[in-house]
Amino acid sequence: MDLHLGVAAGEGRRAGLERALRGAVRDGRLAPGERLPATRQLAGELGVSRNTVKAAYDQLVAEGFLTARQGSGTRVAALPPVETGAPREREPARAPRFDLRPGSPDVGAFPAAAWLRALRSAVTSAPALAYDYGDPRGRIELRTALSGYLGRARGVVAPPERIVITSGYVQGLALLTRVLDGGPVAMEDPGLPFHREVVRRHGGSVVPLEVDGRGAGTPGDCRAVVVTPAHQYPTGVTLHPERRRALTEWARARGALIVEDDYDGEFRYDRQPVGALQGMAPDQVAYLGTASKTLGPALRLGWMVLPPHLVDAVADSKLHSDHHTESLGQLALAELIDSHAYDRHVRACRLRYRRRRDRLLDRLGARARVRGIAAGLHALVEVGDEERVLARARAHGLAVGRLGDHWHTPGAGRPQGLVVGYGTPREGAYGGALEALARALDETGSDP
């Protein structure tokens, strides 16, 4: 029996024998039902003790690779067949030379030094129980810090007991959909297709809600509506005050829920940010925020401020989803907020992205009309033929978003445009990305 027995560095003889026997069973050199040598015989052939061989046999019997019966010796077990074909690996997408796709901040601006200080401080002062299973609502330190921050920065009524920490906006939307237990959910049209799919996959049905220059309209017969009042995605408009009032009155009258996606509410460049809709109707609005646009998506930290009657149900759904969001990141973010390092970082980002938006407007000039308020990390650029402009953009190594991908039901007659994510590029790459966009527009003619 050729076992190819070789002991790796730091590996004992028994471990080496177990590994060799497993390999021989897996690759078929030891066939199912084949009887193995007696422990004394194999020990003599390999120059090891009989106890070493017996311990290896016993371990592999326990794992199911071998069987042992009184009077029948030790034999190779029959394992289920293993597919020999290697899974086909997806071809990795080639990274574009220039990236103006929406949805991400400049991750190169992540405040690594401030985060490290906050994490070190949090770990140093964290109680031992912080490393145990935690409250599905999240660490009280972060919920308390967010209560103060959201109140002063976004006008949210956010007592800590109404906050649930999540692993980002998508988990929050999924938890709410499950708690609502099906039924129609109105979602902005145009809007992010991925979010519509999240609602569908968690039992909800999606009803398109038209968006115009005053923002989203008022839904019909729905259990909930998902809106982006501060800066609609992707059109860039803000919800008109009359629409805000009408929406909250609709929710009160029907006992419905408004889900407020405040994904980039901190970033307004021409005035103070408009306060969150939740401040008008705390008992009708589930406010969802995230650190993905201010710090970075890699942290997987988001938060929900819920009407009182939903807190327990959402916390229970969170418990049975992933128990709780990881605690050390929560403690670090709480420290970052309490030390005001988070505010300083947001102010620096606000200045950076305002300059980028100004550069975009200046570079495009009369080439195309840019829609939307001076806010957020993206702008909507109107064009006459999306496909032609996108083809020329790709020829120049540029990736950019397409308005046509955001409609519930794409079709002829829909407005066309590019969704330009000016927050995405690293600082040194932004100028080249703007040049590539300008060339694509020049080569196609951009009048809508």
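All of the points below concern the structure found in this document. (Residues numbered from 1 in each chain as written. Predicted model: local features only at pLDDT ≥ 70, side-chain atom pairs only at ≥ 80, totals over all residues. Heavy atoms only, no water.)

## Some points on a positive patch on the surface
In step 1: Side chains of Arg117, Arg120, Arg344 and Arg347 sit close together on the surface and give a patch of like positive charge.
In step 2: At the level of elements, helix H4 (112-125) and helix H11 (341-364) are the ones that each hand at least two residues to the positive patch.
In step 3: Among the structural elements, arginine 347 can be located in helix H11. (Patch = residues over 30% accessible without salt bridge, like charges linked within 9 Å, V, L, I, M, F, W, Y side chains within 5 Å. Areas by Shrake-Rupley, 256 points an atom, 1.4 Å probe, with all protein chains shown as cover. Salt bridge = Lys/Arg side-chain N within 4 Å of Asp/Glu carboxyl O. Lys, Arg positive; Asp, Glu negative; His and termini not counted. Charge placed at Lys NZ, Arg CZ, Asp CG, Glu CD. Helix = DSSP H or I, 4+ residues; strand = E, 2+ residues; numbered from the N terminus.)

## Here's the deal with the environment of histidine 231
In step 1: Note on placement: histidine 231 falls in the loop between strand S8 (224-227) and helix H8 (241-254).
In step 2: The class for histidine 231 is buried, based on a relative accessible area of 2%.
In step 3: Along the sequence, histidine 231 and proline 273 sit 42 residues apart, while their C-alpha atoms lie 9.8 Å from each other.
In step 4: Once residues within four sequence positions are removed from consideration, histidine 231 is found in contact with Gly236, Val237, Tyr263, Asp264, Ile373, Ala375, Gly376 and His378.
In step 5: A polar side-chain atom of histidine 231 sits 3.0 Å from a polar atom in the side chain of aspartate 264. (Buried < 20%, exposed > 50% of the residue type's maximum accessible area, 1.4 Å probe, protein only. Contact = heavy atoms within 4.5 Å. Polar contact = N/O pair within 3.5 Å; in protein donor to acceptor, adjacent residues only side chain to side chain.)

## Digging into the packing of aromatic side chains
In step 1: Taken as a whole, this structure holds 4 aromatic pairs when the rule is applied.
In step 2: A centroid spacing of 5.5 Å and a plane angle of 85° characterise the contact between phenylalanine 267 and tyrosine 353, whose relative ring orientation is edge-to-face. Note that phenylalanine 267 is positioned in the loop between strand S9 (257-261) and strand S10 (285-290) and tyrosine 353 in helix H11, a separation of 86 residues in sequence.
In step 3: Residue classification places phenylalanine 267 among the buried residues on the basis of a relative accessible area of 1%.
In step 4: Seen from the ring of tyrosine 430, arginine 356 lies directly overhead, with NZ or CZ sitting 5.2 Å from the centre. (Phe/Tyr/Trp six-rings, centres within 6.5 Å; stacked < 30°, edge-to-face > 60°. Lys NZ or Arg CZ within 6 Å of the ring centre and 35° of its normal.)

## Digging into the packing of helix H6 (residues 169-180) against helix H7 (residues 193-201)
In step 1: With their axes 9 Å apart at the nearest point, H6 and H7 run at an angle of 35° to one another. Along this stretch, H6 crosses H7, giving a crossing that reads as right-handed. Residues Tyr169, Val170, Leu173, Ala174 and Thr177 of H6 lie in contact with H7, whose contacting residues are Phe194, His195, Val198 and Val199.
In step 2: Considered class by class, the residues forming the contact of H6 with H7 number 7 nonpolar, 2 polar and no charged. (Axes fitted to C-alpha atoms, helices over the stretch in contact; angles between N-to-C directions. Left-handed = near helix turned anticlockwise from the far one by under 90°. Nonpolar A, V, L, I, M, F, W, Y, C, P; charged D, E, K, R; others polar.)

## Description of the pairing of S8
In step 1: What you see with S8 is no split at all: Ala224 and Val226 on one side and Val225 and Val227 on the other are buried throughout.
In step 2: By the bridge criterion, 3 bridges tie strand S5 (residues 184-189) to S8 in an arrangement that is parallel. For valine 185, the partnering residue across the bridge sits in S8 and is alanine 224.
In step 3: Traced from S8 through H8 to S9, the parallel crossover comes out right-handed. (Pairing = 2+ DSSP bridges. Right-handed = clockwise from strand over helix to strand, strands pointing away.)

## Section: the sheet that holds strand S13 (residues 379-382)
In step 1: Sheet architecture is open: 5 strands sit in the order S3-S14-S15-S13-S12, paired in mixed fashion. Looking along the sheet, the strands with just one partner apiece sit at the ends: strand S3 (98-100) and strand S12 (370-371).
In step 2: Relative to S13, S12 runs antiparallel, the two being bridged by 2 bridges. Among the inter-strand pairings, arginine 371 is bridged to a residue of S13, identified as leucine 380.

Shape is all these values report; function is a separate question.
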